[in-house]
Amino acid sequence: MARAVYLGRMDAVGVKPNRNRRERMQVKHEENNQRFVVRLPEGEAELGYAAQGADVLNLHHTFVPDSARGQGVGDVLVSGALDYARQQGKRIIPSCPYVAAWMQKHPEHNDLVAQGSA
């Protein structure tokens, strides 16, 4: 059974649509499934990763149900994953195109990118 760790409510930066809904989103880390999840009425949104060694997370894909897209869900997932990485002293590899684009818009988080992966 997957162990879920509550990461708290995430406030997305720079995403305006449906702010009230974003503030209610809760990101959970399912370490056994190597993913971060937001459960929505439309279904589950996720950011999947692969651990590369003890200190690096390769953030390799995001999925948001079609009907929930454009509402800041992906932003909340990435923010939650980066908060977790920072709290745990880990680095990330942004191999998912969405995560890579998000990182370009938020260079203040570039210190989390593993050397050689930027």
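About the thresholds
Residues numbered from 1 in each chain as written. Predicted model: local features only at pLDDT ≥ 70, side-chain atom pairs only at ≥ 80, totals over all residues. Heavy atoms only, no water. Helix = DSSP H or I, 4+ residues; strand = E, 2+ residues; numbered from the N terminus. Buried < 20%, exposed > 50% of the residue type's maximum accessible area, 1.4 Å probe, protein only. Contact = heavy atoms within 4.5 Å. Areas by Shrake-Rupley, 256 points an atom, 1.4 Å probe, with all protein chains shown as cover. Expected span 1.5 Å × (residues − 1). Pairing = 2+ DSSP bridges. Phe/Tyr/Trp six-rings, centres within 6.5 Å; stacked < 30°, edge-to-face > 60°. Arc of directions from axis to C-beta.

Peer 1: What am I meant to see in the overall build of the protein chain here?
Peer 2: Per the secondary structure count, the protein chain includes 3 helices and 6 strands. If you list the helices and strands of the protein chain from N to C, you get β-α-β-β-β-β-α-β-α. Out of the 118 residues in the protein chain, the part that is buried amounts to 46%. Pairs at least 24 apart in sequence give 43% of the contacts found in the protein chain among residues at least 6 apart. As displayed, the protein chain offers around 6,400 Å² of accessible surface, 48% of which is attributable to carbon and sulfur atoms.

Peer 1: Sorry, what's going on with helix 2 (residues 73–88) here?
Peer 2: In an α-helix, one turn spans 3.6 residues, which is why side chains three or four residues apart end up on the same side. With 16 residues, helix 2 extends 23 Å between its outermost C-alpha atoms, agreeing within 8% with the 22 Å of an ideal straight helix rising 1.5 Å per residue. Burial of helix 2 is extensive: 12 of the 16 residues sit out of reach of the surface.

Peer 1: Can you help me understand the pairing of strand 4 (residues 43–51) in this one?
Peer 2: Remark: a regular strand shows side chains that alternate across the two faces of the sheet. Note that strand 3 (residues 35–40) and strand 4 share 6 bridges and pair antiparallel. Residue pairing for strand 4: V38 is matched across the bridge by A45. Between strand 3 and strand 4, which follow one another and run antiparallel, lie 2 residues. Looking at chain direction, strand 4 and strand 5 (residues 56–63) are connected through 6 bridges and run antiparallel. Directly across from E46, in strand 5, lies its bridge partner F63. Between the end of strand 4 and the start of strand 5, which pair antiparallel, lie 4 residues, with G53 showing a positive phi angle near 80°.

Peer 1: Is there a simple way to think about the packing of aromatic side chains in this case?
Peer 2: Any aromatic ring pair is given by two values, namely how distant the centres are and how the planes are angled relative to each other. A complete count under the given rule lists 2 aromatic pairs for this structure. Aromatic ring contacts, followed pair by pair, group F36, Y49 and Y84 into a single cluster.

Peer 1: Would you mind going over helix 3 (residues 97–105) with me for this structure?
Peer 2: Those residues of helix 3 lying buried are V99, W102 and M103. The arc that holds every buried residue of helix 3, seen down its axis, measures 100°, which confines them to one face. Among the exposed residues of helix 3, those oriented more than 90 degrees off its buried face are P97, Q104 and K105.

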